[in-house]
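Observations on the model geometry
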Amino acid sequence: MTVTTTGDLPDEVHDVAIVGAGVVGTAIARELARYRLRIALVEASDDVGNGTSKANTAILHTGFDATPGTLEARLVREGYQRLIAYAAETGIPLEPLGALLVAWDGEQLAALPALAEKAARNGYDETSVLDADAVYAREPHLGPGALGALEVPGESIICPWTTTLAYATQAVRAGVDLHLNCPAGAITTGGDHHEIATPRGVLRTRHLVNAAGLYSDEINRRLGHEEFTVTPRRGQLIVFDKFARGLVDRILLPVPTALGKGVLVAPTVYGNVMLGPTAEDLDDKTATGSSADGLASLREKGERILPELLAEEVTAVYAGLRAATEHGDYQIHADPGRRYVAVGGIRSTGLTASMAIAAHVVELLTDCGLDPGPEREIEPVRMPTIGEAFPRPYQRADLIAADPAYGTVVCHCERVTRGEIRDALTATVPPASLDGIRRRTRALGGRCQGFFCGAEVRAQFEAATAAQDRTAQDRTEARR
Amino acid sequence: MTPTTDRTHRTVDVLVIGAGPAGLAVAARLAAAGVDRVEVLDREQHAGGVPRHCHHTGFGLRDLRRVMTGPDYARHHIAAAIRAGAVLRTGVTATGWAAPRTVDITGPTGLERITATAVVLATGARERPRSARLVPGTRPAGVLTTGQLQQAVHLHHQSVGRRAVIVGAERVSHSAVDTLRRAGAEVVAMVTDQPRHQTHPACHLGTLLRHGIPLVTDATVAELTGRGRLESVRLRHRDGRTAAVACDTMVFTGDWIPDHELARSAGIALDPGTRGPAADADFRTAAPGVFAVGNLLHPVETADIAALDGRFAAAPVLRHLTGVPWTPGALPVRVEAPLLWVWPNRIAPGGPPPPRGRFTLRTTRFLTRPVLTVVQDGHTLHRGRLPRTAVPNRPFHLPAGWLAGAAAHGGPVHITVD
Ligand SMILES: Cc1cc2nc3c(=O)[nH]c(=O)nc-3n(C[C@H](O)[C@H](O)[C@H](O)COP(=O)(O)OP(=O)(O)OC[C@H]3O[C@@H](n4cnc5c(N)ncnc54)[C@H](O)[C@@H]3O)c2cc1C
Ligand SMILES: Cc1cc2nc3c(=O)[nH]c(=O)nc-3n(C[C@H](O)[C@H](O)[C@H](O)COP(=O)(O)OP(=O)(O)OC[C@H]3O[C@@H](n4cnc5c(N)ncnc54)[C@H](O)[C@@H]3O)c2cc1C
């Protein structure tokens, strides 16, 4: 079990190296871990899932509205099935709420039957068109003026953080080396292996998978490929307080029309309600800030969809960047000559499709000459329950009886206990920052944003980090 | 492990939720009055509420007639409650309701369900964080509220940044200045959307002269920048000009919201102005047997006022315990802009007057000797000029003499300024 954050990379030739530990890269690592291979997963940032994978709308899509016949349509459909099964096995929070595509004008209403047909062409037959009365019967807090809706019962909400973390945890426990703080630089491709320069030394690997998200085009160019260019498309989101959760039972999706995409309103698995995203084409791949205009436009659209939502407190505002390209489909390409697979352009469905993308990439790797050998069983993982659909530790007499730390609430807004924070700090893939703790436990993610527990959580984090530093030091001294 | 959710059940006479000044004061009075089982719960590891982490002096003037530091003040109220015979439990959280006066509790000893004849909510108030204020920009570290800052510095001795900007120029903002300076940070600016600061002139001059901190008025925070750590903030003046200020720390002060989660989850109506539970002069909410005291009701007054609430609430709680029927004031008192809130915000004409015979109000703008009008159904109950300027983020008061003239079965009472 290895996760490194500093120091020299191991001096060996790996079978496969994956660049980028987002939801896609970690899924690929996990899929490959099912074979006896030497695998390295290298990530530029200090945590897994710290790019686009941490900032999306967290919907597990059926793929009903994908463009039929595309690779994306197939992988979303397959990924949806796989992730539902995996979530049940690992405890990733997932709630099958269903979605309504609400039509607010004649044009949108007229578009619904065609959307139902498209869904059918995508192999999804469960949609139905509802009239206005049926829509309001399902969602009584909806703003006035809804004319009808397309119901898509399979659309679900999921925890994006736990998903990435589950993949990474399982991969690392099955022997994958995860190297954080390790940006891949120049790549030299020889007849037998690639040499990837990093600030922590050279990484050698026979096969290379590029899962660098927004930067996948740049890595692709380093291997002499120019199939696509990534243009970041920013999506800003507003998360409302838990008191808003009673206002909405389903995912409320916009009806896509020629005039563009609207915004959605969706419950989260943590019991909040989110509003967004915007869609802004930018050229800065680091522009993950929110803007006054973006937030104002979201509020204006949200007011129409769910007027009472706007009266609730805002818990969080964030923005994510979709890795859009000039193409209408995923950019997954294999270059057998260079033993290389590019996984780019995973724009707005990558969370859903992640497991199917991973399976597809393993097939492409074998086309590139990788001999994975026989499959083996890998240890299942069980992730902490951070969703609201099942009893959380603070609600569990059995856990508290076994360990009182689960009865000591530290983060009051999100009801996160000392035991959960401790567990996260000592987990297989531990957090490197307070944000990392938040994504693992929800601590600091609530309405007060640290007013009550910020200092306390920081104290626990710093104590754990100091303890780890001490053990590392002791180990170094022992070796001497 | 199969999840189990079994709870032990108990009953008490009075369950007080929140061991800040307000909760401790009501518990002390009730226990001293001979109520058998008065239990006070607090979710923090230590009782005392917010004063625990306010290390400056100035606490206690109105309730104890002397001043002391926040921690001393907290200790005083804790000792008084215990001495009187109240049971004080810390590290236990009230998580919700099983029935109208039955509360679910989580603590290290397990799950409990406590039924009380009277429940007193004393859960306090907090400052709105950056996200709730919709301040755009990146999400760097170094952005906090005064509550978090004080705990970081005074309770945990953590480092804060070197150059700080403070949002707000009210009383609590000056506490933030003190705390930052004690932690070795330089305060490079205080920013307020108001045309002037909102503290007592002596306090503000003290800060300005002692520390030479520039006050930027009529300005809001337009954007935060920085990855990892805060690097700078862009301020926007009312006239549209913007300016960037380099800083690694930003403290959002004030902009209060009651911690009303328990009240709301009981279905208790909130007052649109305070956002705390609507309550009458006897601290009664609309839910039978459920009282509310302290800054949960009026975000925010000083700690001594919160403690006085507790003291005043003891008599109505005692009356409830003796079986007097629950007939809370049901007539709403509402304010109109630029006023922000009024407390009490429910009245019973002919019922009890508010504590100290006056209503407490807040304004969102400076109002120079404003004329306040109290109207019910088009009928003027009171009209009078305030003797001084009403200052945002500071209390001002309206005498309650007009109360007797309000019609019990009339419409809501409105308070306006002209
Ligand atoms: C606003 C928004 C809403 C969305 N909503 C949904 C949704 O509801 N459902 C859904 O399924 N999908 C959704 N998506 C899409 C989904 O989030 C993405 O498709 C998915 O996260 C992409 O994962 P990834 O691993 O490819 O990219 P990333 O998460 O960006 O991971 C790439 C990683 O590569 C690392 N990296 C980059 N360069 C290097 C280098 N040189 N060396 C080492 N590491 C490097 C980065 O640090 C990063 O961690 C949404 C996206 C956005 C922006
Ligand atoms: C940062 C800050 C600085 C301040 N500075 C000053 C000052 O200098 N001077 C001054 O006079 N006043 C000051 N005030 C105001 C003053 O501290 C408060 O008025 C006073 O503490 C309010 O008392 P309270 O009892 O209403 O609430 P609090 O003191 O806030 O106490 C509420 C208590 O309820 C507990 N609680 C909440 N929910 C639950 C639950 N579900 N279960 C169990 N327990 C719960 C909390 O842990 C807390 O201890 C300040 C306030 C703040 C926030």
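Residues numbered from 1 in each chain as written. Chains lettered and ligands numbered in written order. Predicted model: local features only at pLDDT ≥ 70, side-chain atom pairs only at ≥ 80, totals over all residues. Heavy atoms only, no water.

The next subject is the site of ligand 2. As a structural note, the neighbourhood of ligand 2 is formed by 37 residues, with Asp42, His56, Asn295, Glu301 and Ala303 of chain B the closest of them. Flanking ligand 2 are residues from chains A and B. Between ligand 2 and the protein, one listed contact pairs an oxygen atom with a backbone N or O atom of Pro21 of chain B at 3.3 Å. Contact distances for ligand 2 include 3.4 Å between an oxygen atom and a backbone N or O atom of Ala122 of chain B. At the level of secondary structure, the elements contributing two or more residues to the shell around ligand 2 comprise α1 (21–32), β2 (38–42), β4 (93–99), α4 (146–155), α5 (171–182) and α8 (303–321) of chain B. Its residues assigned to classes, the shell around ligand 2 shows 18 nonpolar, 14 polar and five charged. (Near = heavy atom within 4 Å. Polar contact = N/O pair within 3.5 Å; in protein donor to acceptor, adjacent residues only side chain to side chain. Helix = DSSP H or I, 4+ residues; strand = E, 2+ residues; numbered from the N terminus. Nonpolar A, V, L, I, M, F, W, Y, C, P; charged D, E, K, R; others polar.)

Take the UniProt feature "domain: BFD-like [2Fe-2S]-binding" (unreviewed entry) in chain A next. Feature annotation in UniProt assigns "domain: BFD-like [2Fe-2S]-binding" (unreviewed entry) to the following positions: residues 409–459 of chain A. A distance of 15 Å separates the end C-alpha atoms of residues 409–459 of chain A, which is 43% helix and 10% strand. (UniProt positions renumbered as here; feature names shortened; annotations may be inferred.)

Bringing the sheet that holds strand β14 (residues 242–246) of chain B into the picture now. Residues and elements named next belong to chain B. Reading across from one edge, β12-β13-β14 is the order of the three strands in this open sheet, with antiparallel pairing throughout. Edge positions in the open sheet fall to β12 (219–225) and β14, since each of these has one partner strand only. Strand-to-strand twist in this sheet, taken as the mean axis angle between neighbours without regard to direction, amounts to 30°. Here β12 runs beside strand β13 (residues 232–237); their pairing, made up of six bridges, is antiparallel. Along β13, the bridge assignment pairs Leu224 with Val233. (Pairing = 2+ DSSP bridges. Axes fitted to C-alpha atoms, helices over the stretch in contact; angles between N-to-C directions.)

Between chain A and chain B, the residue contacts involve 47 residues of the former and 48 residues of the latter. For the pair chain A and chain B, the interface holds four salt bridges. Glu261 of chain B is paired through a salt bridge with Arg415 of chain A; the nearest N and O atoms lie 3.5 Å apart. Counting across the chain A and chain B interface gives 18 residue pairs in polar contact (both at pLDDT 80 or more). The set of elements that each furnish at least two residues to the side of chain A that touches chain B consists of α7 (292–305), β19 (314–324), α9 (397–402) and α12 (454–479) of chain A. (Contact = heavy atoms within 4.5 Å. Salt bridge = Lys/Arg side-chain N within 4 Å of Asp/Glu carboxyl O.)

A few words on the site of ligand 1. Residue and element names in this part refer to chain A. For ligand 1, the set of nearby residues contains 38 residues, the closest of which are Glu43, Ser53, Thr57, Ile59 and Thr352. The separation between an oxygen atom of ligand 1 and a polar main-chain atom of Val23 is 3.3 Å. Measuring from an oxygen atom of ligand 1, one finds a side-chain N or O atom of Thr57 at 2.6 Å. Mapped onto the shell around ligand 1, the elements with two or more residues apiece are α1 (23–32), β19 and α8 (350–367). Split by residue class, the shell around ligand 1 holds 20 nonpolar, 15 polar and three charged. Counting contributing residues per domain, the shell around ligand 1 is built from domain 1 (2–54 + 160–228 + 327–367) and domain 2 (99–153 + 231–324), each supplying no fewer than three. (Domains from an automatic or database assignment.)

This paragraph deals with the nonpolar core. One broad rule of soluble globular proteins: the nonpolar side chains tend to lie buried together. Ile18, Ile28, Leu32, Ile332, Val343 and Ile357 of chain A are the most contacted members of the largest nonpolar core, which has 59 residues in total. Where this core is concerned, the elements lending two or more residues are β2 (13–19), α1, β3 (39–42), α2 (71–90), α5 (160–173), β21 (340–344) and α8 of chain A. Examining the composition of this core, we find that ten residues originate from one element, α8 of chain A, more than from any other. Membership of the second largest hydrophobic core comes to 52 residues, among which are Leu15, Ala287, Leu296 and Trp326 of chain B. (Core = buried A, V, L, I, M, F, W, Y, C linked by side-chain atoms within 4.5 Å. Buried < 20%, exposed > 50% of the residue type's maximum accessible area, 1.4 Å probe, protein only.)

Residues and elements named next belong to chain B. As assigned here, chain B comprises domain 1 (9–126 + 257–328), domain 2 (129–251) and domain 3 (355–417). The gap between the C-alpha centroids of domain 1 and domain 2 is 31 Å. Domain 1 puts six residues into the contact, and the matching count from domain 2 is eight residues. A per-residue breakdown of the area domain 1 buries against domain 2 is headed by His53, His55 and His56, which together make up 67% of the total. For the pair domain 1 and domain 2, the number of links is zero salt bridges. At the junction of domain 1 with domain 2, the criterion picks out one residue pair in polar contact (both at pLDDT 80 or more). Counted by class, the side of domain 1 that touches domain 2 contains one nonpolar, four polar and one charged residues. (Buried area = accessible area lost by both parts, 1.4 Å probe.)

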